[in-house]
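Next come the chains, spelled out residue by residue.
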Amino acid sequence: MKKTKLSAPRYRLMKSRIFFYLVCTFSLLTMIPLFLIIGELIRKGYKQFNFDLFTKVAPTSMEAMLARISGDAIPGGILNGLAGTLLILAVAIVLAIPLGIATGVYLAEKKEKPLARLVRNLSDLLQGIPSIVIGVIVYIWVVKPMAGYSALAGSTALAIMMLPMVIRSTEESLKMLPDSLKEAGLALGGSYSAVVLRILLPSSFSGLFTGALLAISRVMGETAPLLVTVLGAATVNWDITQPTTAVSLLIWEFYNDPNLASLIWSSSLLLLLIVLCINLLAKSIAKKWKIQ
Amino acid sequence: MENTINTGYILELKEVSVSYTPGKYAVDKVNARIAPNTVTAIMGPSGCGKSTLLHAINRLHELYPGISTTGEILLKGENIFRMNPMKVRRLAGMVFQRPNPFPTMSISGNVLAGYKLNNISLNKKEKGLIVERSLRSVNLWDEVKDVLNKKGTFLSGGQQQRLCIARALALKPELLLMDEPTSALDPISTSRIEDLILELKKEYTIIIVTHNMSQAARISDNAMFMYLGKLVEYGTTRQMFTKPENKRTEDYLTGSFG
Ligand SMILES: Nc1ncnc2c1ncn2[C@@H]1O[C@H](COP(=O)(O)OP(=O)(O)O)[C@@H](O)[C@H]1O
Ligand SMILES: [Mg+2]
């Protein structure tokens, strides 16, 4: 009697301990690739990770070759890529965030209406479409009619990719607000739009902001859709109707040119650091500005 | 508006029925008249339609899709269902069961929220006056006058509820509707709000839903007893508590309710 009473908890204890170790092992395993990547990028990239990276445009293949022959560090940086990424993202944000938030508000308010369900499902579906497919579609929709590659086309592609994430995070953070806030606003005679704009959206600001940041960091490194929309540029461009480059595109170009290959690592390291910073920022905002 | 003079009542409910689902009445043919500067308590078991009736008075019940309302509610002689709902809600302020200050707004921002939501612009002086007047009228001014720019959510539960009352009063409503305003509060905060209600009666007409019978006895002039959506009994609180006319009211009040 006593024995069985004791053995049952011990067995269970062991089981939960084994389970715990398994979980720990697996989570460590998943960390390994991440650390390997970061280590590799630092090891190979730190030499080129200098001031020039931020202030000079990417070198031509010829410049890089000459430097290689004379044994110097490869001159130049990725300023044109940084500027392009900034421009493309800025326009993508302008396109995606208001539309995504508006849709998210609709979904949160109309929860089970047939149209809301349809939109929700389509938005989930959109998230699953391969980015190159989105790129090709935008090529047909924007590049062809405008008769040329442009930053705007790239922004459109990235905006389409950001939309589902913005929609979801808006919907989820609005749903977390108590109904009493909306009731209180309406009870004061506020119109529906005033209540949404002045009370509901500000109250879920941290959720919206976090969602937007994560969406940005998610599309920041996208390459495939940009290949077919912005083309690339050797100089800094701030005109949204002109071809542009981006950090991710430059990495792709460096990869295709043996003379430039050593720039891959420093630019990848930079891109990774930016994405990491955005993610950490998103996390800290989510924590700090949480209501109550 | 001239009806006010004729009847002397600020609020008249005529055959008011509300149903969330067709054929099922949450409020069933309620008739009542309420005189100005009185406190009316609405009592009755859970689910008898108290909140629904209260919400109907400022048309907040219209938020629920599929709800249908019949009958008339006259506020100062004017049928609220023919008025702009936003105007009705400004005239009939609402205080909820749980304090719900707007979490992104400061204390003064909360008091002024009604103006902001109605796109009424005020200059700095007007804002200051409204904030002070409203907070004074709920006896909160002395406690918060130095922290007006702090978030309303930093206050204690009882203070938050008084802030919510101030927020409703800032718009100078005719009626103050309160749905179990003290049920989430401690006894001390509760008694402060009860005292406050007695003070506010001088300027406003108050309708309060309460589960607490001694509270109703302490603060109300008149009392309604509802059961299954029907207004079973309505009269002075004193009469209701001493010799109720209806058997159900008596059972409820004496606690022998099934
Ligand atoms: N949103 C709603 N949808 C459908 N039925 C509701 C809703 N709210 C309340 N009811 C129903 O209406 C009746 C009255 O509810 P309520 O007014 O909240 O009662 P009380 O405030 O007296 O507890 C109840 O039978 C309740 O089930
Ligand atoms: Mg209720």
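Here the structure is a predicted model, which is why all the values come from computation and not from measurement.

A closer look at the pattern of salt bridges
Alright, step 1. Summed over the entire model, instances satisfying the criterion amount to 22 salt bridges over all chains.
Alright, step 2. One salt-bridge network, in which partners are shared between bridges, spans Arg120, Asp124, Arg168, Glu171, Glu172 and Lys175 of chain A.

Let's talk about the sheet that holds strand 2 (residues 27-34) of chain B
All names here are of chain B.
Alright, step 1. Read from one edge to the other, the open sheet built from 4 strands follows the order 2-1-4-5, with strand pairing classed as antiparallel. Single-partner strands in this sheet number two, and they are strand 2 and strand 5 (78-79).
Alright, step 2. One ladder, built from 5 bridges, connects strand 1 (residues 11-19) with strand 2; its direction is antiparallel. Across the sheet, the residue bridging to valine 18 is valine 27, located in strand 2.
Alright, step 3. On the sheet, helix 2 (residues 50-57) packs against strand 1, strand 2 and strand 4 (68-75) and is oriented at approximately 120° with respect to strand 1.

As for helix 12 (residues 247-255) of chain A
Alright, step 1. Within helix 12 of chain A the residues assigned to the buried category are Val247, Ser248, Leu249, Leu250, Ile251 and Phe254 of chain A.
Alright, step 2. Of the surrounding elements, those touching the buried residues of helix 12 of chain A are helix 4 (79-110), helix 10 (205-220), helix 11 (224-227) and helix 13 (263-288) of chain A.

Focus: the pairing of strand 6 (residues 92-95) of chain B
Residues and elements named next belong to chain B.
Alright, step 1. With burial as the criterion, each face of strand 6 is covered, one bearing Ala92 and Met94 and the other bearing Gly93 and Val95.
Alright, step 2. Here strand 6 runs beside strand 7 (residues 175-179); their pairing, made up of 4 bridges, is parallel. Each bridged residue has a counterpart across the sheet, and for valine 95 the counterpart in strand 7 is methionine 178.

A word on the site of ligand 1
Residue and element names in this part refer to chain B.
Alright, step 1. Near ligand 1 the following residues occur: Tyr20, Ala26, Pro45, Ser46, Gly47, Cys48, Gly49, Lys50, Ser51, Thr52 and Tyr64.
Alright, step 2. Between ligand 1 and cysteine 48 there is a distance of 3.3 Å, counted from an oxygen atom to a backbone nitrogen or oxygen.
Alright, step 3. In isolation ligand 1 exposes 560 Å². Once the protein is present, 60% of that is buried.

Topic: the interface of chain B and chain A
Alright, step 1. Taken together, the contact pairs 27 residues of chain B with 19 residues of chain A.
Alright, step 2. Buried area between chain B and chain A, both sides added, is near 1800 Å², and the carbon and sulfur share of it is 69%.
Alright, step 3. Where chain B packs against chain A, one counts 4 residue pairs in polar contact (both at pLDDT 80 or more).
Alright, step 4. Breaking the side of chain B that touches chain A down by element, the ones donating at least two residues are helix 3 (85-91), strand 6, helix 5 (113-117) and helix 8 (157-169) of chain B.
Alright, step 5. Top contributing element to the side of chain B that touches chain A by residue count: helix 5 of chain B, with 4 residues.
Alright, step 6. The residue makeup of the side of chain B that touches chain A, split by class, is 15 nonpolar, 8 polar and 4 charged.

Here's the deal with the packing of aromatic side chains
Alright, step 1. Taken as a whole, this structure holds 7 aromatic pairs over all chains when the rule is applied.
Alright, step 2. With a centroid separation of 6.2 Å and 90° between ring planes, the pair formed by phenylalanine 49 of chain A and phenylalanine 54 of chain A is classed as edge-to-face.
Alright, step 3. Of the residues examined, phenylalanine 54 of chain A reaches a relative accessible area of 37% and is grouped as partly exposed.
Alright, step 4. Positioned above the aromatic ring of phenylalanine 154 of chain B, the side-chain terminus of lysine 150 of chain B is 5.5 Å from the ring centre.

What to know about the domain arrangement of chain A
Interfaces are frequently sized by the accessible area removed from exposure as the parts join.
Residues and elements named next belong to chain A.
Alright, step 1. The domain architecture assigned to chain A consists of domain 1 (13-70) and domain 2 (81-288).
Alright, step 2. Using C-alpha coordinates to define each centre, domain 1 is positioned 25 Å away from domain 2.
Alright, step 3. Of the residues lining the interface, 18 residues belong to domain 1; the matching set on domain 2 comes to 19 residues.
Alright, step 4. Summed over both sides, the interface between domain 1 and domain 2 buries roughly 1600 Å², with carbon and sulfur atoms accounting for 76% of that surface.
Alright, step 5. Between domain 1 and domain 2 we count 0 salt bridges in total.

With respect to unusual backbone geometry
All names here are of chain B.
Alright, step 1. The backbone of arginine 59 shows a phi angle near 60°, a positive value even though the residue is not glycine.
Alright, step 2. Mapped onto the secondary structure, arginine 59 falls in the loop between helix 2 and strand 4.
Alright, step 3. The phi dihedral of lysine 76 falls on the positive side, at around 50°, and the residue is not glycine.
Alright, step 4. Within the secondary structure, lysine 76 sits in the loop between strand 4 and strand 5.

Comments concerning the sheet that holds strand 9 (residues 222-227) of chain B
All names here are of chain B.
Alright, step 1. Taken together, 6 strands build an open sheet; the order of strands is 6-7-8-3-9-10 and the sheet is mixed. In this open sheet, the two edge strands, each paired with only one partner strand, are strand 6 and strand 10 (230-236). Neighbour-to-neighbour, the strand axes of the sheet open up by a mean angle of 15°, direction not taken into account.
Alright, step 2. Sitting on the sheet, helix 9 (residues 187-200) is in contact with strand 3 (39-43), strand 7 and strand 8 (205-209), with an inclination near 150° to strand 8.

Things to note about helix 2 of chain B
Residues lying three or four places apart along an α-helix face the same way, a consequence of the helix completing one turn every 3.6 residues.
All names here are of chain B.
Alright, step 1. Burial within helix 2 is extensive, with 7 of its 8 residues counted as buried.
Alright, step 2. Here helix 2 has its buried residues at Lys50, Thr52, Leu53, Leu54, His55, Ala56 and Ile57.
Alright, step 3. Arginine 59 sits one or two residues past helix 2 and shows a positive phi near 60°.

Side note on the packing of helix 6 (residues 131-143) of chain A against helix 7 (residues 151-175) of chain A
Residue and element names in this part refer to chain A.
Alright, step 1. Axis separation between helix 6 and helix 7 bottoms out at 9 Å; the angle between their running directions is 135°. Classed by the angle they form, the pair helix 6 and helix 7 counts as oblique. Pair helix 6 / helix 7 crosses with right-handed handedness. On helix 7, the residues that touch Ser131, Ile134, Val138, Trp141, Val142 and Val143 of helix 6 are Ala153, Thr156, Ala157, Ile160 and Met161.
Alright, step 2. Partitioned by chemical class, the residues of the contact of helix 6 with helix 7 number 9 nonpolar, 2 polar and no charged.

Thresholds applied
- Residues numbered from 1 in each chain as written.
- Chains lettered and ligands numbered in written order.
- Predicted model: local features only at pLDDT ≥ 70, side-chain atom pairs only at ≥ 80, totals over all residues.
- Heavy atoms only, no water.
- Salt bridge = Lys/Arg side-chain N within 4 Å of Asp/Glu carboxyl O.
- Pairing = 2+ DSSP bridges.
- Helix = DSSP H or I, 4+ residues; strand = E, 2+ residues; numbered from the N terminus.
- Contact = heavy atoms within 4.5 Å.
- Axes fitted to C-alpha atoms, helices over the stretch in contact; angles between N-to-C directions.
- Buried < 20%, exposed > 50% of the residue type's maximum accessible area, 1.4 Å probe, protein only.
- Near = heavy atom within 4 Å.
- Polar contact = N/O pair within 3.5 Å; in protein donor to acceptor, adjacent residues only side chain to side chain.
- Areas by Shrake-Rupley, 256 points an atom, 1.4 Å probe, with all protein chains shown as cover.
- Buried area = accessible area lost by both parts, 1.4 Å probe.
- Nonpolar A, V, L, I, M, F, W, Y, C, P; charged D, E, K, R; others polar.
- Phe/Tyr/Trp six-rings, centres within 6.5 Å; stacked < 30°, edge-to-face > 60°.
- Lys NZ or Arg CZ within 6 Å of the ring centre and 35° of its normal.
- Domains from an automatic or database assignment.
- Parallel < 35°, antiparallel > 145°, perpendicular 65-115°, else oblique.
- Left-handed = near helix turned anticlockwise from the far one by under 90°.

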